Amino acid sequence: MRRLFLSLTYLIFFGISAILLGLFLYSPLPALAASLASPEIRFAILLSLGTSVISTVICTAFAIPAAYALARYQFPGKRIATLALTLPLTLPPLVAGIALLLFFGTTPWGRALEDAGFGVIFTPLGIIVAEVFVNIPYMIRILRSAFAAVNPRYEYVAKTLGCTDAGAFLQVTLPMVRSGLLAGTVITWSKSMGEFGAVLMVAGATPMRTETLPIALYLNISTGDLNLAVAAATILILISIVTLCVVEFVDRGVHVY
């Protein structure tokens with residue numbers, strides 16, 4: 001039994017490694033370097049970095065209070081709120097993108113934003129909106145588990161020593177979940193960098209305007225330019241590897257209180 005399980009594990013490992021290694025070795029190093037230096041890929045990298053960082057900051061800012069409320073408080077409609085916050089996790093990204101497209105393209109709210117100069121449809125702002133909508137449930141779930149693992153007694157003790165509710169949260173609880181917060185932030189950023197379906201529906205696939213790395217991969221594979229497509233895919237794989245390494249390092253420092 002042990003030999004069988006180990007054999008299957010090694011088989012899966014070598015299969016995944018061979019597939020990814022084939023992608024890395026598809027283009028010679030000079031051709032890959034030239035593709036990475038192309039204006040299109042540079043634009044996609046900068047746009048992906050900018051939108052993913054902004055969306056991750058927004059997700060973090062809203063997820064922290066929402067996750068804390070779900071972990072600590074009892075309030076009317078909590079189950080419904082939990083389901084609503086979890087729903088985007090189960091939706092295919094294309095469905096989420098269509099919902100956002102209809103909301104910001106056909107409703108008075110969307111038209112009001114466009115009239116105010118904050119057009120969402122087929123703009124870089126749409127990329128950020130799509131990334132936030134798709135990824136904030138992940139952040140909330142990770143932080144909710146982290147807050148739930150912290151014993152509330154630490155907060156009670158801090159309050160007896162003179163801390164306010166906000167002080168106990170900022171000085172006691174939040175530092176205790178720093179590992180979960182860091183892991184959630186890294187995962188959310190990585191998912192934002194690789195988001196495709198919702199971004200395609202909301203922001204479109206306009207070269208050199210709404211062309212993130214996944215969109216660049218899609219456009220170039222559609223036109224047969226495999227070198228640029230492989231360059232975009234290589235960057236996304238490297239980001240995934242770095243993300244996994246960071247999360248693994250952070251997990252080693254996680255303590256359950």
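Residues numbered from 1 in each chain as written. Predicted model: local features only at pLDDT ≥ 70, side-chain atom pairs only at ≥ 80, totals over all residues. Heavy atoms only, no water.

With that out of the way, let us pick up the overall build of the protein. Secondary structure summary: the protein contains 13 helices and zero strands in total. Listing each helix as α and each strand as β along the protein from the N terminus yields α-α-α-α-α-α-α-α-α-α-α-α-α. Per-residue burial over the protein gives 39% buried out of 257 residues. The long-range fraction of contacts in the protein, counting pairs at least 24 apart against all pairs at least 6 apart in sequence, stands at 76%. By element, 73% of the accessible surface of the protein is carried by carbon and sulfur atoms, the whole surface being about 14600 Å². A gap of 15 Å separates the mean positions of the 15 positive and 11 negative side-chain charges of the protein. (Helix = DSSP H or I, 4+ residues; strand = E, 2+ residues; numbered from the N terminus. Buried < 20%, exposed > 50% of the residue type's maximum accessible area, 1.4 Å probe, protein only. Contact = heavy atoms within 4.5 Å. Areas by Shrake-Rupley, 256 points an atom, 1.4 Å probe, with all protein chains shown as cover. Lys, Arg positive; Asp, Glu negative; His and termini not counted. Charge placed at Lys NZ, Arg CZ, Asp CG, Glu CD.)

Before going further, it helps to spend a moment on the UniProt feature "transmembrane region" (unreviewed entry) in the protein. Under the UniProt annotation, the feature "transmembrane region" (unreviewed entry) is placed at residues 43-71, 83-104, 116-134 and 226-250. Taken end to end, residues 43-71 is 100% helix and 0% strand, and its two terminal C-alpha atoms sit 41 Å from one another. The span residues 116-134 shows a helical share of 58% and a strand share of 0%, and its end C-alpha atoms are spaced 25 Å apart. (UniProt positions renumbered as here; feature names shortened; annotations may be inferred.)

Our next topic: the packing of helix 7 (residues 124-148) against helix 10 (residues 178-194). In the contact formed by helix 7 and helix 10, the axes pass within 9 Å of each other and the chain directions differ by 160 degrees. For the element pair helix 7 / helix 10, the angle class is roughly antiparallel. Every pair of crossing elements has a handedness; the one defined by helix 7 and helix 10 is right-handed. Here Glu131, Asn135, Tyr138, Met139, Ile142 and Leu143 of helix 7 lie close against helix 10, whose contacting residues are Gly180, Leu181, Gly184, Thr185, Ile187, Thr188, Lys191 and Ser192. Of the residues that constitute the contact of helix 7 with helix 10, the class distribution is six nonpolar, six polar and two charged. (Axes fitted to C-alpha atoms, helices over the stretch in contact; angles between N-to-C directions. Parallel < 35°, antiparallel > 145°, perpendicular 65-115°, else oblique. Left-handed = near helix turned anticlockwise from the far one by under 90°. Nonpolar A, V, L, I, M, F, W, Y, C, P; charged D, E, K, R; others polar.)

With respect to the secondary-structure elements, Arg72 resides in helix 3 (residues 39-72). Here the side chain of Arg72 touches Val150 through a polar contact of 2.9 Å, landing on its backbone oxygen. (Polar contact = N/O pair within 3.5 Å; in protein donor to acceptor, adjacent residues only side chain to side chain.)

This part is about the UniProt feature "domain: ABC transmembrane type-1" (unreviewed entry) in the protein. Residues annotated by UniProt as "domain: ABC transmembrane type-1" (unreviewed entry) correspond here to residues 45-247. Taken end to end, residues 45-247 comprises 81% helix and 0% strand; its first and last C-alpha atoms sit 22 Å apart.

When you line up the elements, Ile121 lands in the loop between helix 6 (108-115) and helix 7. Considered as a pair, Ile121 and Gly105 are 16 residues apart in the sequence and their alpha carbons are 6.6 Å apart. Not counting chain neighbours up to four residues away, the residues in contact with Ile121 comprise Leu100, Leu101, Phe104, Gly105 and Val202.

Let us look at the nonpolar core. Ala63, Ile64, Ile140, Leu143 and Phe147 are the most contacted members of the largest nonpolar core, which totals 22 residues. Per-element tally for this core: the top contributor is helix 7, with eight residues. With residues up to four places along the chain from it excluded, the contact list for Ile140 reads Ala63, Ala66, Ala67, Leu70 and Leu85. (Core = buried A, V, L, I, M, F, W, Y, C linked by side-chain atoms within 4.5 Å.)

Another point: the packing of helix 8 (residues 153-160) against helix 9 (residues 165-176). Viewed as axis vectors pointing N to C, helix 8 and helix 9 meet at an angle of 140 degrees, and their least axial separation amounts to 9 Å. Between helix 8 and helix 9, the crossing angle belongs to the class labelled oblique. By crossing handedness, the relation of helix 8 to helix 9 is classed as right-handed. Residues Tyr154, Glu155, Ala158 and Lys159 of helix 8 form the contact with helix 9, whose participating residues are Asp165, Ala168, Val172, Thr173 and Met176. In terms of residue class, the contact of helix 8 with helix 9 is built from five nonpolar, one polar and three charged.

Turning to the side chain of Thr60, a few remarks are in order. For Thr60, the location among the structural elements is in helix 3. Those residues in contact with Thr60 that lie beyond four places of it in its chain are Met139, Leu181 and Thr185.

The next thing to look at is the pattern of salt bridges. Inspection of the entire model under this criterion finds two salt bridges. Glu155 is the salt-bridge partner of Arg72, the closest N and O atoms lying 3.3 Å from each other. Placement of Arg72 in helix 3 and of Glu155 in helix 8 is noted, with a sequence separation of 83 residues between them. When sorted by exposure, Arg72 lands in the same class as Glu155, which is buried. Asp165 is paired through a salt bridge with Lys159; the nearest N and O atoms lie 3.1 Å apart. Here Lys159 falls in the partly exposed class, since its relative accessible area comes to 33%. (Salt bridge = Lys/Arg side-chain N within 4 Å of Asp/Glu carboxyl O.)

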